[in-house]
Amino acid sequence: MQYVIIGAGPAGVTAAENLRKIDRDGIITLVGDEPEMPYSRMAIPYLLINQIDERGTFLRKDDEHYKRSGIAIVQGKVVSVDQTEKTVGLQGGTKINYDKLLIATGSTPLAPPIPGIDLPGVTSCWTLEDARHIARVAKPGSKVVLMGAGFIGCIILEALAKSGADLTVVEMEDRMVPRMMNDIAGTMIKDWCQHNGVNVHTSTKVNSISQDDGSLLVELSTGHKLIADMVVSATGVKPNTSALDTTDVKIEEGVLVDKAMRTSDENIFAAGDVAQAYDFSTGEMSVQAIQPTAVEHGALAAKNMAGQTQATHRGSVNMNVLDTLGLISSSFGLWMGVTGGDSAELLNKERFKYINLQFQDDILVGATSLGLTQHVGVLRGLIQSKIKLGVWKERLMKDPTRIMEAYLGATQAIGFNADVMK
Amino acid sequence: MLKALQLEPEKCTGCLQCEMACSYENEGVFNPSKSRIKVFNFHDEGRFAPYTCTQCSEAWCLHACPVEAIVVNEATGAKEVIEDVCVGCKVCTIACPFGTVNYNADSGKVMKCDLCGGDPACVTACPTQAITYVDSEHTGLERMRSHAAQSIPQN
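Residues numbered from 1 in each chain as written. Chains lettered and ligands numbered in written order. Predicted model: local features only at pLDDT ≥ 70, side-chain atom pairs only at ≥ 80, totals over all residues.

### Let's talk about the overall build of chain A
Here is step 1 of the chain: Tallying secondary structure elements over chain A gives eleven helices and 26 strands in all.
Here is step 2 of the chain: Here the C-alpha radius of gyration of chain A, 23 Å, is about what a compact globule of 422 residues would show, namely 22 Å.
Here is step 3 of the chain: Each principal axis of the C-alpha distribution contributes one length, and for chain A these read about 70 × 65 × 40 Å.
Here is step 4 of the chain: Counting over 422 residues, chain A shows a buried share of 52%.
Here is step 5 of the chain: Long-range contacts, defined here as pairs at least 24 residues apart, represent 62% of the contacts in chain A between residues at least 6 apart. (Helix = DSSP H or I, 4+ residues; strand = E, 2+ residues; numbered from the N terminus. Rg over C-alpha atoms; globule rule 2.2 N^0.38 Å. Buried ≥ 20, exposed ≤ 12 C-beta atoms within 10 Å, placed from the backbone. Contact = placed C-beta atoms within 7 Å.)

Below is the structure:
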């Protein structure tokens, strides 16, 4: 059996490793288009502040890992997939045969349609090469404009601020991380950044970027003009489906897959940020583009590619955790709430503490937190296990911080129910 | 034979010696907020419940880590954080459905129970045997784990 995986990120590498566990004799080829060992984009902010070196970003630290696992790494850009011949074509003409193909090509940064977006000095922060470039320019005293304060913008914000650069953030929406945080939390993150010396413009667009005497002139929709040495663009990403351009594989927002991670072609699977797959909370097919989901997808796709067809997807919970200049925020599932549901909330603006829980009947379906670093994962557990909270729902309505007690109280032998549960 | 922590809430008096012992053993300070084991207070029931990582076989934290900073200790079966490799991204803290991986802002890394390498300090400190270190095949332990993992979907 010949397995080809396009994309050397977390989904692709996890799939390759799981394939090897199941099929000892199969030929496994992992195709990546960057001249690097498989690495984690999640680690780039820590590379930018020199907390780790480039090796610290590698998904697997042992150089011999892939060789020993019998995973061939091929560097090349996929230009075509032939579904009839079952081949993958690389730039330069090389063809690789497959029996089962996995598309794990991740996302690509969106370039907003702004005059000047292609100027040198305007960069995304997506690849190791981008990071090397940013590290060269972002120095004490340099002027940096960050376009976009979504999840990716926010994780690189701290690194840019710590570089000593004079940083200004421009976000189109009315708050920070609008796709992951509600009004209260998104506004508090903005206040926190302002407190910490980062200029944040929300409800503001960049109208144009132009060259001005060796610097960049950034014109905002508010009429403000900013001078910058570098503009970092983090205005969103989209699934990188280009490998399938020559195929009839069904694509909507991302590559549509069923609960076996199989696309509309029975021999082609998709996993990770590129896949539009089953969402636990909504029951719909959606692109989540988060690390834990990418790994879940990769492992599941591998099982199905190797013929373990009983492995089906129960849906991934959308969730994020973010550290913005030391303020830690997280959101889970249906954090925006559901019609007819209840919510509990506790807010301390001065101390930047916030928790918001969303219920449907007595089941937790979503949550948002700020400044919570202890036991935060139990929010995922409560959501994904659909535990009926019973008496604990009323208790959480009064004190939403008691999430761990609610989980233990609802699942373990404690107090009055100890004998019953034995 | 692998061993595991068995936690029995009905024997816990809430004395918090386990938290003190854990924080001292692992962080060198007597500071319950740095403990990897926590005693939860159920004042309505008049009970306490110690809780920490069950070293679950799904190892959600390990699989979610983007930089291979969580590994299995083959001798103890514990899932351990390698501090030098951890970048502090906190993805494991939201991935663990039991809420037992925590972020330590002082170190900028995450921390979780590592069974103290096979001699858990919390077990030694507990005066009422509410925390014991037993063969992982022990039936009571299986019961505790099955409660804990109640219906969390597996792939």
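### A closer look at the sheet that holds strand β2 (residues 27-32) of chain A
Strands in a sheet are paired, the pairing made by backbone hydrogen bonds, and the direction either parallel or antiparallel.
All names here are of chain A.
Here is step 1 of the chain: If you walk across this open sheet you meet the five strands as β3-β2-β1-β7-β19, and the pairing is parallel. The sheet is open, and its two edges are formed by β3 (71-75) and β19 (268-270), each paired on a single side. On average, each strand axis in the sheet is tilted by 20 degrees relative to the strand beside it, whichever way the strands run.
Here is step 2 of the chain: Judged from the three bridges that link them, strand β7 (residues 100-103) and β19 form a sheet pairing that is parallel. Bridging across to β19, leucine 102 finds its partner in phenylalanine 269.
Here is step 3 of the chain: Against the sheet, helix α1 (residues 10-22) makes contact with β1 (2-6), β2, β3 and β7, and its axis sits at roughly 175 degrees relative to β2, the strand it touches most. (Pairing = 2+ DSSP bridges. Axes fitted to C-alpha atoms, helices over the stretch in contact; angles between N-to-C directions.)

### A few points about the interface of chain B and chain A
Here is step 1 of the chain: Every contact between the two is made by 37 residues of chain B and, on the other side, 50 residues of chain A.
Here is step 2 of the chain: Listing elements by their share of the side of chain B that touches chain A, those giving two or more residues are β2 (38-42), β3 (47-51), α2 (60-64), α3 (91-95), β6 (102-104) and α5 (139-148) of chain B.
Here is step 3 of the chain: A per-element tally of the side of chain B that touches chain A places α3 of chain B first, with four residues.
Here is step 4 of the chain: When its residues are assigned to classes, the side of chain B that touches chain A shows 23 nonpolar, nine polar and five charged. (Nonpolar A, V, L, I, M, F, W, Y, C, P; charged D, E, K, R; others polar.)

### Remarks on the nonpolar core
Residue and element names in this part refer to chain A.
Here is step 1 of the chain: Grouped together as the largest cluster of nonpolar side chains are 182 residues, with contacts concentrated most on Leu102, Ile103, Leu160, Val232 and Ala271.
Here is step 2 of the chain: In terms of residue count, helix α5 (residues 151-162) provides more of this core than any other element does, nine residues in total.
Here is step 3 of the chain: Setting aside its immediate chain neighbours within four residues, leucine 160 contacts Ala138, Val144, Leu146, Ala165, Leu167 and Val232. (Core = buried A, V, L, I, M, F, W, Y, C linked by C-beta atoms within 7 Å.)

### Side note on the environment of threonine 124 of chain B
Here is step 1 of the chain: Residue placement: threonine 124 of chain B occurs in helix α4 (residues 121-125).
Here is step 2 of the chain: Each C-alpha atom, one on threonine 124 of chain B and one on glutamate 68 of chain B, is 31 Å from the other, the two residues being 56 residues apart in sequence.

### What to know about the packing of helix α9 (residues 391-398) of chain A against helix α10 (residues 403-411) of chain A
Residues and elements named next belong to chain A.
Here is step 1 of the chain: Where α9 contacts α10, the axes come no closer than 10 Å and their chain directions differ by 170 degrees. Taken as axis vectors, α9 and α10 run roughly antiparallel relative to one another. The segment α9 lies against α10, with Trp392, Arg395 and Leu396 engaging Ala406, Gly409 and Ala410.
Here is step 2 of the chain: Looking at side-chain class alone, the contact of α9 with α10 contains four nonpolar, one polar and one charged residues. (Parallel < 35°, antiparallel > 145°, perpendicular 65-115°, else oblique.)

### Things to note about the pairing of strand β4 (residues 78-82) of chain A
Here is step 1 of the chain: By the bridge criterion, four bridges tie β4 of chain A to strand β5 (residues 87-90) of chain A in an arrangement that is antiparallel. Bridge pairing in β5 of chain A places valine 81 of chain A opposite valine 88 of chain A.

### Section: α1 of chain A
Residue and element names in this part refer to chain A.
Here is step 1 of the chain: Counted at 1.5 Å a residue, the expected span for α1 with its 13 residues is 18 Å, and the 18 Å between its end C-alpha atoms agrees.
Here is step 2 of the chain: Counting buried positions along α1 yields eleven of 13 residues, so the element is predominantly enclosed.
Here is step 3 of the chain: Among all positions in α1, only Pro10, Ala11, Gly12, Val13, Thr14, Ala15, Ala16, Glu17, Asn18, Leu19 and Arg20 are buried.
Here is step 4 of the chain: In this structure, the buried residues of α1 make contact with β1, β2, β3, β7 and α7 (291-305). (Expected span 1.5 Å × (residues − 1).)

### Side note on the pairing of β1 of chain A
Residue and element names in this part refer to chain A.
Here is step 1 of the chain: Most of β1 sits out of view: four of its five residues are buried.
Here is step 2 of the chain: Here β1 runs beside β7; their pairing, made up of four bridges, is parallel. Following the sheet pairing, isoleucine 5 is matched in β7 by leucine 102.

### Details of unusual backbone geometry
Here is step 1 of the chain: The backbone phi angle of methionine 261 of chain A is positive, close to 65 degrees, even though this residue is not glycine.
Here is step 2 of the chain: Residue methionine 261 of chain A is classed as buried on the basis of its 31 C-beta neighbours within 10 Å.
Here is step 3 of the chain: Unusually for a residue other than glycine, glutamine 129 of chain B sits at a positive phi of about 55 degrees.
Here is step 4 of the chain: The topology assignment puts glutamine 129 of chain B in the loop between α4 and β8 (131-135).

### Looking at the confidence of the model for chain B
Here is step 1 of the chain: Model confidence for chain B is summarised by a mean pLDDT of 91, while 89% of its residues fall at 70 or above.
Here is step 2 of the chain: Two summary scores accompany this predicted model of the complex, namely pTM at 0.94 and ipTM at 0.93. (pLDDT = per-residue confidence, 0-100.)

### Examining the sheet that holds strand β12 (residues 199-201) of chain A
Residues and elements named next belong to chain A.
Here is step 1 of the chain: Pairing within the open sheet is parallel, and its five strands lie in the order β9-β16-β10-β11-β12. Only two strands of the sheet have a single partner each, and these edge strands are β9 (122-124) and β12. Across this sheet, the average inter-strand angle for adjacent strands is 20 degrees, counted without regard to direction.
Here is step 2 of the chain: Pairing of strand β10 (residues 143-147) with strand β11 (residues 166-170), which is carried by five bridges, proceeds in the parallel orientation. Residue pairing in the sheet places leucine 146 in a bridge with valine 169 of β11.
Here is step 3 of the chain: In the packing of helix α4 (residues 128-137) onto the sheet, the strands contacted are β9 and β16 (230-233), and the crossing angle to β9 comes to about 135 degrees.
Here is step 4 of the chain: Against the sheet, α5 engages β10, β11 and β16, with an angle of about 170 degrees to β10.

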